[in-house]
Amino acid sequence: MAGSAAVLEDGSLISRLDRGLLKAEQLLALLSGLAVFSLMILAVVSVGGRNAANAPLPGYVDWIEQIMPLIAFMGIAYVQRQGGHIRMDIFIGALRGRALWLFELVSVVLILLLMLALVWGSWSHFLRSFDFAAPLWSRDSSIDIGLPIWPAKLLAPVAFAVLALRLLLQVWGYGRALVLGLEAPVAVPLIQSAAEQAAAEADQMQGHDANGSGQG
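Since the model is a prediction, treat every value here as computed from it, not as a measurement.

A few points about the side chain of R81
Okay, so step 1: You can see R81 is positioned in helix 3 (residues 76-82).
Okay, so step 2: With relative accessibility at 6%, the residue R81 sits in the buried group.
Okay, so step 3: Other than its neighbours up to four places away in sequence, R81 contacts V7, E9, D18, L22, E25, R166, Q170 and P189.

Thoughts on helix 2 (residues 60-73)
Okay, so step 1: For helix 2, spanning 14 residues, the distance from its first C-alpha to its last is 21 Å, which sits close to the expected 20 Å at 1.5 Å a residue.
Okay, so step 2: Of all the bends in helix 2, the largest measures some 30° and sits at I67, one to four residues before the proline P69.
Okay, so step 3: Inspection of helix 2 places D62, Q66, I67 and P69 among the buried residues, and these make up the whole buried set.
Okay, so step 4: Against helix 1 (13-53) and helix 6 (150-180) lie the buried residues of helix 2.

Some points on the packing of helix 1 against helix 6
Okay, so step 1: As a packed pair, helix 1 and helix 6 sit with axes 11 Å apart at the nearest point and diverge in direction by 155°. Here helix 1 lies roughly antiparallel to helix 6, going by the angle between them. In the packing of helix 1 onto helix 6, the handedness of the crossing is left-handed. Together, L13, I14, L17, D18, L21, L22, E25 and L28 of helix 1 and V162, L165, R166, L169, W172, G173 and R176 of helix 6 make up the contact between the two elements.

Scoring rules and cut-offs
Residues numbered from 1 in each chain as written. Predicted model: local features only at pLDDT ≥ 70, side-chain atom pairs only at ≥ 80, totals over all residues. Heavy atoms only, no water. Helix = DSSP H or I, 4+ residues; strand = E, 2+ residues; numbered from the N terminus. Buried < 20%, exposed > 50% of the residue type's maximum accessible area, 1.4 Å probe, protein only. Contact = heavy atoms within 4.5 Å. Expected span 1.5 Å × (residues − 1). Bend = angle between axes of the 7 residues up to and from the residue. Axes fitted to C-alpha atoms, helices over the stretch in contact; angles between N-to-C directions. Parallel < 35°, antiparallel > 145°, perpendicular 65-115°, else oblique. Left-handed = near helix turned anticlockwise from the far one by under 90°.

If you want it as structure tokens, here you go:
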């Protein structure tokens, strides 16, 4: 299962790179959220048009196919940075020190190898669809209204490449912690206990209350 995690920051190079990559990850996560919202709008327009004028949105399924990669892939690097992907926290939480960092390092390296293979495979899949000489630069299109499919296919290698960069940073972070024997390394998700999670949420709420009082 996935637990709550904190990512520490300092003035080191790895932490600066972490914060820089986080901005790109947040932008991609925002695009994913906007894609979910746009899907809701499309559903309202299609159902409303069908009920009001017997005229549903043309190519509704085609548009869904284009939007789904945005929803499925764009937020994965951000979630990895936050430590939110599915994992065995019960087992990992029992480890401490170098044993913990070794386990985390091995798991991240394995994920990185998988993602590099997926970047290569998804990029090859995109190239088979993209052609500068073809209409709309596309060798294939959706069935109903003929939308080019290559933009949707491009999203996968882009998202996987960003995730690979995040994993490289985490390999660095966990490897650094393993070699130096650090207790709380930066730029990697640190699992929080229930008490630490509650304290962090309380601090966050106090910050919101303080901002609200100041604006009032």
